[in-house]
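# Commentary on secondary and tertiary structure
Chain by chain, the residues:
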Amino acid sequence: MMSKFYLFIVIFAVVNLSHQLYLPGLAPVVYCSASLPSDNHNTICKNEVKLYVNRLDSEESFLPYEYHHFDFCEPEDDMKVVDPVENLGQVVFGERIRASPYNISFGNKESCRKVCTKQYTKNDKDNNQKKLKFLKKNIGLNYQQHWIIDNMPVTWCYPVDEKQNYCSTGFPIGCYVDKNLEKKNACVIDPLFNTKDTYYVFNHLHLIITYYEQQEDKASYIISINAQPRSIDHGNTATMTTCNLDSIHPMAIQLNTDFDITYSFSYEFVVSTDKVSDIN
């Protein structure tokens, strides 16, 4: 009798655990544009594209950090965001997936949206200046962010020679130009990073979201997300109207002075020309 009781407890625990663990990739999310007529909408399609942040890591350090250890933008209190439940594999490998303050609507295009502004004052060395020094230190260690959309990693691709690109499942938080004007890590991708002994923060991210659309009902599936990190000195955020690199200086970190970093992002959706089969 007692053995049956223990068997029941084990079965109950396994069934209960199976409901709590989310297995990514088993069911793709169906999206549709909010501009479509209601009779064209798939009844299960979504317009909101959720973006999640994960831990940060570096090949130059064994120590990972959760997103909130950095002074990045956090979701507003009134956004009522819910962190996703990590599955067992993600927990074992130390993943720390959290909700983000980045709002994306499927099929829309956003050219420049402010997310938040972080302020650092010269008279507050024990608090804000400490956060800024922490950011500067880990830019030097080439820490990488890892974002997730629709259970897929946001990738960063950059040219390694004239004919090939290298793609990574993370993107850097910034880059450094040393005292000899030697560009470190991601600073090599842009000629605007040209001031010696300077740390640049990537405070803007442009996302290119590629999707496949079914012709019969306009239901869509996201198939890839590419990130383009940028460093932009937004200046007066009250008049911020553009995130165009052609007319803006990069954001160089300045310590022991009054200093602001405005974080922003932009995104666009691109229809894939490739046929996607067996996606359901």
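## Examining the overall build of the protein
A count of helices and strands for the protein gives three helices and 17 strands. Residues counted as buried form 40% of the 280 residues belonging to the protein. In the protein, the share of contacts with a sequence separation of at least 24, taken over all contacts with a separation of at least 6, comes to 67%. Summed over all atoms, the accessible surface of the protein reaches about 16700 Å², with 51% contributed by carbon and sulfur.

## Description of the pattern of salt bridges
Enumeration according to the criterion identifies six salt bridges in this entry. A salt bridge links lysine 184 to glutamate 182; the nearest nitrogen and oxygen atoms lie 3.5 Å apart. Among the ionic contacts, a cluster of salt bridges with common partners joins Asp178, Glu182 and Lys184.

## Focus on the side chain of asparagine 128
Assignment of secondary structure puts asparagine 128 in helix H3 (residues 128-140). If sequence neighbours within four positions are ignored, asparagine 128 has contacts with Gln119, Tyr120 and Thr121.

## Description of unusual backbone geometry
Here asparagine 142, not a glycine, exhibits a phi torsion of approximately 60°, which is positive. One can find asparagine 142 in the loop between H3 and strand E6 (144-145). Under the relative-accessibility criterion, asparagine 142 is labelled buried at 16%. In this structure, asparagine 256 takes a positive phi of about 60° despite not being glycine. Within the element layout of this structure, asparagine 256 appears in the loop between strand E16 (220-230) and strand E17 (259-271).

## Comments concerning the state of the cysteines
Under the definition given, this model contains four disulfides. With its sulfur 2.0 Å from that of its partner, cysteine 175 forms a disulfide with cysteine 187. The chirality of the disulfide connecting cysteine 175 with cysteine 187 is right-handed, given an S-S dihedral of about 80°. Of this pair, cysteine 175 sits in strand E12 (residues 174-177) while cysteine 187 sits in the loop between strand E13 (183-184) and strand E14 (198-201), and the two are 12 residues apart along the sequence. A residue is classified by how much of its surface remains accessible, and cysteine 175, at 1% relative accessible area, is buried. For cysteine 187, a relative accessible area of 0% puts it in the buried group.

## Overview of the sheet that holds strand E7 (residues 147-149)
Taken in spatial order, the four strands line up as E4-E1-E7-E8 in an open sheet, and their pairing is antiparallel. Two strands close off the open sheet at either side, each with one partner strand: strand E4 (98-105) and strand E8 (152-153). As judged from the two bridges shared by E7 and E8, these two strands associate in the antiparallel manner. The residue of E8 that forms the bridge with isoleucine 148 is proline 153.

## Quick word on the environment of glycine 107
Topologically, glycine 107 is positioned in the loop between E4 and strand E5 (110-120). Using a relative accessible area of 41% as the deciding quantity, one classes glycine 107 as partly exposed. In sequence terms glycine 107 and isoleucine 209 are 102 residues apart; their C-alpha atoms lie 9.3 Å from each other.

## Considering the confidence of the model for the protein
In this model, the protein carries an average pLDDT of 81, and 74% of its residues clear a pLDDT of 70 or more. Contacts for the low-pLDDT stretch residues 1-25, under 50 throughout, to residues beyond four places or in other chains number 12 contacts. Here residues 88-93 scores under 50 on pLDDT; set against residues more than four positions off or in separate chains, the count is eight contacts.

## Considering the sheet that holds E16
Either a parallel or an antiparallel arrangement is found when strands of a sheet pair, and the pairing is made through backbone hydrogen bonds. One open sheet holds the six strands; their spatial order is E5-E17-E15-E16-E9-E10, and the pairing between them is mixed. Strands at the two margins of the open sheet, each flanked by one partner only, are E5 and strand E10 (165-168). Ignoring which end each strand starts from, the neighbouring axes of this sheet average 25° apart. With two bridges joining them, strand E9 (residues 155-159) and E16 adopt parallel strand pairing. Along E16, the bridge assignment pairs threonine 155 with asparagine 226. Lying on the sheet, H3 is in contact with E5 and E17; it crosses E5 at an angle near 125°.

## Describing H3
Its 13 residues give H3 an end-to-end C-alpha distance of 19 Å, which sits within 8% of 18 Å, the value for a rise of 1.5 Å per residue. Within H3, the full set of buried residues consists of Asn128, Gln129, Leu132, Leu135, Asn138 and Ile139. Residues of H3 that are buried in the fold lie against strand E3 (61-65), E5, E12, E14 and E17. Downstream of H3 by a residue or two, asparagine 142 has a phi angle that is positive, lying close to 60°.

Conventions and cut-offs
- Position labels on residues start from 1 in each chain and follow its written sequence.
- Whole-chain, interface and lining totals are the exception, using all residues; otherwise, since this is a predicted model, local features are given only for residues with pLDDT of at least 70 and side-chain atom pairs are given and counted only at 80 or more.
- As a rule here, side-chain values cover all heavy atoms of the structure and leave hydrogens and water aside.
- Each helix is a run of H or I in the DSSP string that is no shorter than four residues. Each strand is a run of E no shorter than two, and both are numbered from the N terminus.
- Classification of residues uses two cut-offs on accessible area relative to the type maximum, computed with a 1.4 Å probe and protein chains only: under 20% is buried, over 50% is exposed, and between them is partly exposed.
- Only heavy atoms enter the contact rule, under which two residues are in contact if any of them lie within 4.5 Å.
- Note on areas: Shrake-Rupley, 1.4 Å probe, and residue coverage restricted to the protein chains presented here.
- Each reported salt bridge corresponds to a side-chain nitrogen of Lys or Arg within 4 Å of a carboxyl oxygen of Asp or Glu.
- We call a pair of cysteine sulfur atoms a disulfide when they lie within 2.5 Å.
- Strands are labelled as partners when DSSP assigns at least two bridges between them.
- In predicted models, pLDDT denotes the confidence assigned by the predictor to each residue on a 0 to 100 scale.
- Each axis is a line fitted through C-alpha atoms, and for a helix only the stretch in contact is used; angles between axes span 0 to 180 degrees, taken between their N-to-C directions.
- Expected helix span is taken as 1.5 Å per residue step, with the number of steps being one fewer than the number of residues.

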